[in-house]
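# Close look at the chain arrangement
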2 protein chains.
Amino acid sequence: MRYSSQLIEDAVNGFSKLPGIGRKSALRMVLHLVQNDRKAAAEIINSLSNMEENLKTCRRCFNFSDHEVCEICNNPVRDHSVICVVESIRDVIAIEETDQFHGTYHVLGGVISPIDGIGPADLNCEELFKRVEEEDTKELIMGLSPTIEGETTIFYISKKLKHLDVKLSVLARGISFGGELEYADGLTLGRSILSRTSYVHLGE
Amino acid sequence: MRYSSQLIEDAVNGFSKLPGIGRKSALRMVLHLVQNDRKAAAEIINSLSNMEENLKTCRRCFNFSDHEVCEICNNPVRDHSVICVVESIRDVIAIEETDQFHGTYHVLGGVISPIDGIGPADLNCEELFKRVEEEDTKELIMGLSPTIEGETTIFYISKKLKHLDVKLSVLARGISFGGELEYADGLTLGRSILSRTSYVHLGE
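Scoring rules and cut-offs
Residues numbered from 1 in each chain as written. Chains lettered and ligands numbered in written order. Predicted model: local features only at pLDDT ≥ 70, side-chain atom pairs only at ≥ 80, totals over all residues. Heavy atoms only, no water. Helix = DSSP H or I, 4+ residues; strand = E, 2+ residues; numbered from the N terminus. Rg over C-alpha atoms; globule rule 2.2 N^0.38 Å. Buried < 20%, exposed > 50% of the residue type's maximum accessible area, 1.4 Å probe, protein only. Contact = heavy atoms within 4.5 Å. Areas by Shrake-Rupley, 256 points an atom, 1.4 Å probe, with all protein chains shown as cover. Pairing = 2+ DSSP bridges. Axes fitted to C-alpha atoms, helices over the stretch in contact; angles between N-to-C directions. Parallel < 35°, antiparallel > 145°, perpendicular 65-115°, else oblique. Left-handed = near helix turned anticlockwise from the far one by under 90°. Nonpolar A, V, L, I, M, F, W, Y, C, P; charged D, E, K, R; others polar.

Moving on, we get to the overall build of chain A. When helices and strands are counted, chain A shows eight helices and six strands. Taking 2.2 N^0.38 as the reference for a compact globule, 204 residues should give roughly 17 Å; the C-alpha atoms of chain A span a radius of gyration of 22 Å, well beyond that estimate. Once the C-alpha set of chain A is aligned to its principal axes, its extents read approximately 65 × 45 × 45 Å. Here chain A holds 204 residues, and the buried ones make up 41% of them. Taking all contacts inside chain A whose residues are at least 6 apart in sequence as the whole, residues at least 24 apart take part in 44%. Here chain A displays about 11900 Å² of accessible surface, and carbon together with sulfur accounts for 52% of that area.

Dropping the structure here:
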């Protein structure tokens, strides 16, 4: 035992399992909770217990949800004919934070990666195809990372949906806002020239 | 609501109250606990609840303790005639980790700081004086930070214990191991010349 208290030792062990947290940071957190912020400790206990008991997966889009169907799928204001296909729930949150997308999502739970032994059967692909057929989907936005695995997944899905009248699109690729041109990688820079867009004058 | 789930929202709010953790890191932790490590979530819930219910303060040295008297005070192998006076429990842990001290501790719970309105009455000073008188203490090591507040506290304690036959010592001050001489501050460097120690040849 390192801290002369088994109780603190246990709490430090628990917190040091969090991503990016070592034993020193875990100890700092635990001491903070005990010494300065007992209310936050209670809040963490309650919210985690609640989450453990009640958090569900939306049966339509596989996003996390408090109910059978998530807030986004249940929202009548959103455009249900557009589905953004993403790898993980974290991507849903990232896109939601931009406030630029008002359709629905479909969380695949990963991307096709033969090296890691992940095939289409391990992902929520079949559920996506079923949704597209049943729901009168007009557009599928492939919000996947521009990696080999992401491209493979996009290719697989596009092939499977070829016979349906669904528009397939991918996120625009190009130079990041605020990025320096000279430091952009050659592939991105080359592609961004090929798929240049016409300039819109802001004054008009 | 930002995450389409109130349960996740609550958990993120709880975790973002931890020191050094913003909402992005908190979300990363919460998603990790839900998606990859449900066992760690249970561990955090249980250890925090246990700590909340059972963690005590040692009535002798004011360290955290699982019992009325802490492991260190209860250890018969340790030298109970030497007390290391420290500001906080974190200092106890830091010194314990060096494995170089085998006496006992006394946690003051702060240092005298008139600017912040902290006087001797706000600290565990009286309890220290009582301990020294009752316990046949031989040496008091002042393990306080070399700041104005720390020095003031050392001065106050030394004055109060003047009439007793107790040796008072402070931690050695000087250049840190691995530190570059040219970057050491003048005060530390000057003091380290004045209080130089004789060189011990390792071969002998």
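Next, the rest of the story.
Turning to the sheet that holds strand S6 (residues 167-170) of chain B, a few remarks are in order. Either a parallel or an antiparallel arrangement is found when strands of a sheet pair, and the pairing is made through backbone hydrogen bonds. All names here are of chain B. Pairing is parallel across the open sheet formed by four strands, whose spatial order is S4-S3-S5-S6. Whereas interior strands pair on both sides, the edge strands pair on one side only; in this sheet they are strand S4 (104-107) and S6. Strand-to-strand twist of the sheet, defined as the mean angle between neighbouring strand axes without regard to direction, takes the value 25°. Examined bridge by bridge, strand S3 (residues 82-86) and S4 share four bridges and lie parallel to one another. Within S4, the position partnered with Cys84 by the bridge is Tyr105. Packed on one face of the sheet, helix H6 (residues 125-134) meets S3, S4 and strand S5 (139-142) and runs near 150° to S4.

At their nearest, the axes of helix H5 (residues 89-98) of chain A and helix H2 (residues 23-35) of chain B sit 11 Å apart, and the two run at 150° to each other. Judged by the inter-axis angle, H5 of chain A sits roughly antiparallel to H2 of chain B. As for how H5 of chain A packs across H2 of chain B, the hand of that crossing is right-handed. Residues Ile89, Arg90 and Ile93 of chain A of H5 of chain A pack against Leu27, Arg28, Leu31 and Gln35 of chain B of H2 of chain B. Of the residues belonging to the contact of H5 of chain A with H2 of chain B, the class tally is four nonpolar, one polar and two charged.

As a further point, take the sheet that holds strand S6 (residues 167-170) of chain A. All names here are of chain A. Strand order across the open sheet formed by four strands is S4-S3-S5-S6, with parallel pairing between neighbours. At either end of the open sheet lies a strand with only one pairing partner, and these are strand S4 (104-107) and S6. Strand after strand, the sheet turns through a mean of 25° between neighbouring axes, direction not considered. Together, strand S3 (82-86), S4 and strand S5 (139-142) form the strand contacts of helix H6 (residues 125-134), whose direction differs from that of S4 by roughly 150°. Helix H7 (residues 148-160) rests against S3, S5 and S6 of the sheet, and its axis sits at about 165° to S5.

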